[in-house]
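In case you want the letters, here they are:
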Amino acid sequence: SQVRVVWDKSPILFAATGEHDKLGSVRAFNLPLVASPEVDPQEYFPAAGAGITRMTLSHTNDHLFVASQDGTLTVLQILAGGVDTELGQNDIAAPFSDHVLVTRAEMEETTGAIAELKASVVDLERHNEYQLKLKEMNHQERIKEVTDEYAAKINKAREEYEALRTSKSGMENSNESILGK
């Protein structure tokens, strides 16, 4: 990326590195370009943790906005002599933002993963409901079997009780008739 700034008397060209795995830096060149055998490391301004993808100037040409592949946005103040990367005594640093920039591919991947997880949750809920219904049906069947079993035992006990009661009444009557003679 490159941006050209024209000051009253001296135009400046800003160039940036765009390699993904290296730190992104901005370099300012005074125009017209003069061949210099040595590259001064002070002319490079670190601006991002990854390669720089876009640069643009403010409408007043006093700030350079630098966007990088790692999602950072850096604002550099441009002075008549070049770029100022240090804050002056009266300048206030902007607080770090809580916002995170992500790529569309990461968002689509995350959205897809969320959709898959939601579908998985729905399937698990259905499966759990089905298992719960099966257990409830088994318990209802078992309750019916136990109820029928104990109802049959109660009926059998009543019949035996009635048979014993009838037998007792018959014995009482026969004993009374024997005693009454």
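I will try to describe carefully the structure that is included in this document.

Each value, and the rule that gives it
- Residues numbered from 1 in each chain as written.
- Predicted model: local features only at pLDDT ≥ 70, side-chain atom pairs only at ≥ 80, totals over all residues.
- Heavy atoms only, no water.
- Helix = DSSP H or I, 4+ residues; strand = E, 2+ residues; numbered from the N terminus.
- Buried < 20%, exposed > 50% of the residue type's maximum accessible area, 1.4 Å probe, protein only.
- Contact = heavy atoms within 4.5 Å.
- Patch = residues over 30% accessible without salt bridge, like charges linked within 9 Å, V, L, I, M, F, W, Y side chains within 5 Å.
- Areas by Shrake-Rupley, 256 points an atom, 1.4 Å probe, with all protein chains shown as cover.
- Salt bridge = Lys/Arg side-chain N within 4 Å of Asp/Glu carboxyl O.

### Overview of the overall build of the protein chain
So, point 1. Scanning the protein chain from terminus to terminus reveals 1 helix and 8 strands.
So, point 2. For the protein chain, the N- to C-terminal ordering of α and β elements is β-β-β-β-β-β-β-β-α.
So, point 3. Taking all 181 residues of the protein chain together, the buried fraction comes to 17%.
So, point 4. Within the protein chain, contacts between residues separated by at least 24 positions form 34% of all contacts whose residues are at least 6 apart in sequence.

### What about the side chain of Ser 25?
So, point 1. Note that Ser 25 resides in strand S3 (residues 24-30).
So, point 2. The buried category is assigned to Ser 25, whose relative accessible area is 14%.

### Concerning the environment of Leu 33
So, point 1. Mapping Leu 33 onto the fold places it in the loop between S3 and strand S4 (44-48).
So, point 2. When its relative accessible area of 56% is taken as the criterion, Leu 33 is described as exposed.
So, point 3. A sequence separation of 21 residues divides Leu 33 from Ile 12, and the C-alpha atoms of the two residues are 9.5 Å apart.

### Observations concerning a nonpolar patch on the surface
So, point 1. On the surface, a nonpolar cluster with roughly 310 Å² of combined accessible area is contributed by Tyr 130, Leu 134 and Met 137.
So, point 2. Within the element layout of this structure, Tyr 130 appears in helix H1 (residues 104-180).

Read these as spatial facts, not as claims about activity.
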